Amino acid sequence: LSLSNDILNIFKTNNIGISEPIIWVGDDTEFSLHMTVGIFLQIFHLLFPTPQHHYIINQAGDWCMNYTMEGQLFFGLLINVKKSNQADF
C-alpha cells in the first residue's frame, strides 16, 4: 500500500493527471506498454514483481519514474536537468 501511495503522491505533486498517456518499459523486456496513468495505477502491482528495473515516462519525455529491482522508487523532471545540466533524483 505504501508504494501505491508513493506513486500516487508523485503524480499528484507534479500535476500528472490520470488521463495522461505514458509508456512503461522494463530493462529485461523486448516490448513497451502504452497506457494512461490511470491504467498504470491499476496494474503496476502486476508489472513490478518482475525482476528488472521499470521505467515510466510520459510521451513528451518531460519526466521519468524508475522502480528498481531493489524496491526503490525514483522520479525526475527534465526541467531539473535543463536548469542544472545534471540529473538530480
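Residues numbered from 1 in each chain as written. Predicted model: local features only at pLDDT ≥ 70, side-chain atom pairs only at ≥ 80, totals over all residues. Heavy atoms only, no water.

**Some thoughts on the packing of aromatic side chains**
The final tally for this structure, using the stated rule, is eight aromatic pairs. Considering the side-chain rings of Phe11 and Phe40, the 6.4 Å spacing of their centres and the 80° angle between planes classify their relative orientation as edge-to-face. Within this pair, whereas Phe11 is found in helix α1 (residues 2-13), its partner Phe40 is found in helix α2 (residues 37-47), the two being separated by 29 residues in sequence. In terms of burial, Phe11 and Phe40 fall into one category: buried. For the pair Phe40 and Phe44, a centre-to-centre distance of 5.9 Å together with 35° between the ring planes defines the contact as tilted. In this pair, Phe40 and Phe44 are both assigned in helix α2, four residues apart and thus about one turn of the helix distant. You'll find Phe40 and Phe44 in the same group, each marked buried. (Phe/Tyr/Trp six-rings, centres within 6.5 Å; stacked < 30°, edge-to-face > 60°. Helix = DSSP H or I, 4+ residues; strand = E, 2+ residues; numbered from the N terminus. Buried < 20%, exposed > 50% of the residue type's maximum accessible area, 1.4 Å probe, protein only.)

**A closer look at the sheet that holds strand β3 (residues 54-58)**
Strand order across the open sheet formed by five strands is β2-β1-β3-β4-β5, with antiparallel pairing between neighbours. In this open sheet, the two edge strands, each paired with only one partner strand, are β2 (32-36) and β5 (73-77). Direction aside, neighbouring strands of the sheet carry axes that sit 20° apart on average. As paired elements, strand β4 (residues 63-67) and β5 share five bridges and run antiparallel to each other. Its bridge partner being in β5, Tyr67 is matched across the sheet by Leu73. Lying over the sheet, α2 contacts β1 (21-26), β2 and β3, oriented at roughly 135° with respect to β2. (Pairing = 2+ DSSP bridges. Axes fitted to C-alpha atoms, helices over the stretch in contact; angles between N-to-C directions. Contact = heavy atoms within 4.5 Å.)

**Quick notes on the pairing of β1**
Sheet faces and side chains relate simply in a regular strand, where the side chains alternate between the two faces. As paired elements, β1 and β2 share five bridges and run antiparallel to each other. Each bridged residue has a counterpart across the sheet, and for Val25 the counterpart in β2 is Ser32. Linking β1 back to β2 in an antiparallel pair, the connection comprises five residues. By the bridge criterion, five bridges tie β1 to β3 in an arrangement that is antiparallel. Bridged to Ile23 within β3 is Ile57.

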